[in-house]
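Residue-level listing of the chains:
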Amino acid sequence: MSSPQTPIVTPLPCFLDNYIWHIETSQGDWVVDPGDAQVVLAYQAKRGKPLAGVLITHHHLDHTAGIAALVEAFAMPVYGPSEVREGISNYIKVDDVLTLDGMGSVQVLDVAAHTLGHIAYYLKGHDLLFCGDSLFSAGCGRLFEGTPTDLARVMSTLSALPAVTVIFPTHEYTAANIRFAEAIEPDNNELKHYAHKVAAWRAKNQPSLPTHLALELAINPFLRSHESTVVAAASTYAGKPLQPGEQTLATLRAWKDVF
Ligand SMILES: [Zn+2]
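Each residue is numbered by its place in its chain's sequence as written, counting from 1. Residues qualify for local features only when their pLDDT is at least 70, as the model is predicted, and side-chain atom pairs are given and counted only at 80 or more; totals for whole chains, interfaces and linings, by contrast, use all residues. In computing side-chain values, all of the structure's heavy atoms are included and hydrogens and water are not.

### Brief notes about the overall build of the protein chain
1) Next: Strands here mean DSSP runs of E at least two residues long; helices mean DSSP runs of H or I at least four residues long; both are numbered from the N terminus. Helix and strand counts for the protein chain stand at nine helices and 14 strands.
2) Next: Atoms considered for the radius of gyration are the C-alpha atoms alone. The globule rule reads 2.2 Å times the number of residues to the power 0.38. For 259 residues, the compact-globule estimate of 2.2 N^0.38 gives 18 Å, and the protein chain sits close to it at 18 Å.
3) Next: Counting only C-alpha atoms, the protein chain reaches 55 × 40 × 30 Å along its principal axes.
4) Next: Any pair of residues with heavy atoms lying within 4.5 Å of one another is described as a contacting pair. Considering only contacts in the protein chain between residues 6 or more positions apart, those separated by 24 or more positions represent 57%.

Dropping the structure here:
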């Protein structure tokens, strides 16, 4: 499946459950959302290479706090959305298509809901998606700034990507998300199977990520708000019949916040 040109993506764990995604391309190394510069500096020292650039998805500090020290260490561009006030050298907007060394064509997707300026980077030629906190495996980001309407739009944008898309979220939340997903769809066999796999990986302290879209469409309740099983579970929780889509999503998100 991998050609020589396919970037090699490696998780650099930091803080309690964050991953800084390291993208090794034939033309240089990049990182996504470096909340902690030391982790990246140590990794580049081991590789004996500078960093070619940084991609930022949204303004939260656990995604941005390492920018200043990395810019000081390496002369390189930092791409990000306008909601990030400091450290960005190349401001980008939704629907921009960037051509980045070694990554080819990178499409900037609007995934604003967790925060209002949140973007995702889709490496079109390689079917790789760096989605920050917009989507997690078996879950999605909390609505800190956006509304359920925003969340519904984001879920439909992400659902429309090719099913083979490999997805790189920023947090290791999968096991907890699966517990919630199992409460919604206890009879989902793919979910049961995935729960076993994730439990085995986490027992060995291995990352559960990346994930891929085909799997998420089968197990992630936030991508399944049109499925009758998911609508029924949300309706029971709400104590009234809900419409598929946005209404169901709003209830799922509020339920997950207190689960
Ligand atoms: Zn965040």
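Moving on, there is more to tell.
### Some words on the nonpolar core
1) Next: In this structure, Leu 129, Met 155, Leu 158, Phe 222 and Leu 252 are the most contacted members of the largest nonpolar core, which totals 28 residues.
2) Next: Broken down by secondary-structure element, the contributors of at least two residues to this core are β9 (119-123), β10 (128-132), α4 (148-159), α5 (174-184), α8 (228-238) and α9 (246-258).
3) Next: Among the elements that make up this core, the one with the highest residue count is α4 (five residues).
4) Next: Sequence-distant contacts of Phe 222, defined by excluding residues within four places in its chain, comprise Gly 139, Cys 140, Leu 151, Met 155, Phe 180, Leu 249, Leu 252, Arg 253 and Lys 256.
5) Next: Counting 21 residues, the second largest nonpolar core, distinct from the first, contains Ile 23, Leu 98, Ile 119 and Leu 209. Among buried residues, those of type Ala, Val, Leu, Ile, Met, Phe, Trp, Tyr and Cys that are joined through side-chain atoms within 4.5 Å constitute a nonpolar core. Accessible area is worked out with a 1.4 Å probe on protein chains only. A residue is then buried under 20% of its type maximum, exposed over 50%, and partly exposed in between.

### Some thoughts on the pattern of salt bridges
1) Next: The working definition used for a salt bridge is a side-chain nitrogen of Lys or Arg within 4 Å of a carboxyl oxygen of Asp or Glu. Counting across every chain of the model gives nine salt bridges.
2) Next: The salt bridge partner of Arg 153 is Asp 110, with a shortest N-O separation of 3.5 Å. Highlighted residues: Arg 153 in helix α4 and Asp 110 in strand β8 (residues 104-110), separated in sequence by 43 residues.
3) Next: Classification of Arg 153 as partly exposed rests on a relative accessible area of 32%.
4) Next: With a relative accessible area of 25%, Asp 110 lands in the partly exposed category.
5) Next: The residue Arg 142 makes a salt bridge to Asp 257 at a minimum N-O spacing of 3.8 Å. With Arg 142 in the loop between β12 (139-140) and α4 and Asp 257 in helix α9, the pair connects residues that are 115 residues apart, well separated along the chain.

### Some remarks on the environment of Gly 66
1) Next: Residue placement: Gly 66 occurs in the loop between α2 (61-64) and α3 (67-73).
2) Next: Separated by 21 residues in sequence, Gly 66 and Gly 87 have C-alpha atoms that sit 9.6 Å apart.
3) Next: Those residues in contact with Gly 66, other than ones at most four positions away along the chain, are Pro 34, Gly 35, Asp 36 and Ala 37.

### As for the sheet that holds strand β6 (residues 90-91)
Note: strands within a sheet are paired through backbone hydrogen bonds, in either parallel or antiparallel orientation.
1) Next: Ordered by their spatial adjacency, six strands build an open sheet running β1-β2-β3-β4-β5-β6, and the pairing between neighbours is mixed. Every interior strand has two partners, whereas the edge strands, β1 (8-14) and β6, have only one.
2) Next: When DSSP locates at least two bridges between a pair of strands, those strands are taken to pair. Pairing geometry for strand β4 (residues 51-55) and strand β5 (residues 78-80), over two bridges, is parallel. Note that in β5 the partner of Leu 55 across the bridge is Tyr 79.

### Brief notes about the coordination of the zinc ion
1) Next: Metal donors: N, O and S atoms at distances within 2.8 Å, or within 3.2 Å for Na, K and Ca, with water omitted from the atom set so that some sites may seem incomplete. Around the zinc ion, the donor atoms from the protein are His 58 (NE2), His 60 (ND1), His 114 (NE2) and Asp 133 (OD), and they sit 2.2 to 2.3 Å away.
2) Next: Geometry assignment treats four donors as tetrahedral when all angles are between 85 and 135 degrees, treats four as square planar and six as octahedral when opposite donors are over 155 degrees apart and all others between 65 and 115, and treats everything else as irregular. Its four donor atoms give the zinc ion angles of 90 to 167 degrees at the centre, a pattern that matches the irregular case.
3) Next: One chain supplies every donor to the zinc ion, and in sequence these donors are spaced H-x1-H-x53-H-x18-D. In this pair, His 114 sits in the loop between β8 and β9 while Asp 133 sits in the loop between β10 and β11 (135-136), placing the two residues 19 residues apart along the sequence. The burial state of His 114 is the same as that of Asp 133; both residues are buried.

### With respect to empty space enclosed by the protein
1) Next: Site definitions follow a grid-based scheme: protein atoms alone, a 1 Å grid, a 1.4 Å probe that fits but cannot get out for cavities, and for pockets an open set with protein on both sides within 12 Å along at least five of seven lines, plus lining residues having an atom within 4 Å of a point. Grid points are joined across faces, edges and corners, and a volume is the space filled by probe spheres set on the points. What the rule picks out here adds up to one cavity of 30 Å³ or more.
2) Next: Taken as a whole, the largest cavity spans an internal volume of roughly 30 Å³.
3) Next: Contributing to the lining of the largest cavity are Val 111, Ala 113, His 114, Ser 134, Gly 141, Leu 143 and Leu 151.
4) Next: A per-class count over the lining of the largest cavity returns four nonpolar, three polar and no charged. Each residue is assigned to one class: nonpolar for Ala, Val, Leu, Ile, Met, Phe, Trp, Tyr, Cys and Pro, charged for Asp, Glu, Lys and Arg, and polar for all the others, Gly among them.

### Some details on the UniProt feature "domain: Metallo-beta-lactamase" (unreviewed entry) in the protein chain
1) Next: UniProt positions are given in the numbering used here, feature names are shortened, and annotations may be inferred rather than shown by experiment. Per the UniProt entry, the sites bearing "domain: Metallo-beta-lactamase" (unreviewed entry) are residues 17-171 in this numbering.
2) Next: Taken end to end, residues 17-171 comprises 22% helix and 34% strand; its first and last C-alpha atoms sit 5 Å apart.

### Here we look at the packing of aromatic side chains
1) Next: Each aromatic pair joins two rings of Phe, Tyr and Trp (for Trp, the six-membered one) with centres within 6.5 Å, and gets the label stacked for planes under 30 degrees apart, edge-to-face for over 60, and tilted for any other angle. Summed over the entire model, instances satisfying the criterion amount to nine aromatic pairs.
2) Next: Seen from their ring centres, Tyr 19 and Trp 21 are 5.6 Å apart, and the 50 degrees between their planes marks the pair as tilted.
3) Next: With a relative accessible area of 5%, Tyr 19 lands in the buried category.
4) Next: In this structure Trp 21 comes out as buried when scored by relative accessible area, which is 1%.
5) Next: Seen in terms of ring centroids, Phe 180 and Phe 222 are 6.1 Å apart; in terms of plane orientation they differ by 25 degrees. Their pairing is stacked. Residue Phe 180 is found in helix α5, and its partner Phe 222 is found in the loop between α7 (213-219) and α8; the two are separated by 42 residues along the sequence. Of the two residues, Phe 180 and Phe 222, both sit in the buried class.
6) Next: Three or more aromatic residues joined by ring pairs form one cluster here, namely Phe 180, Phe 222, Tyr 237, Trp 255 and Phe 259.

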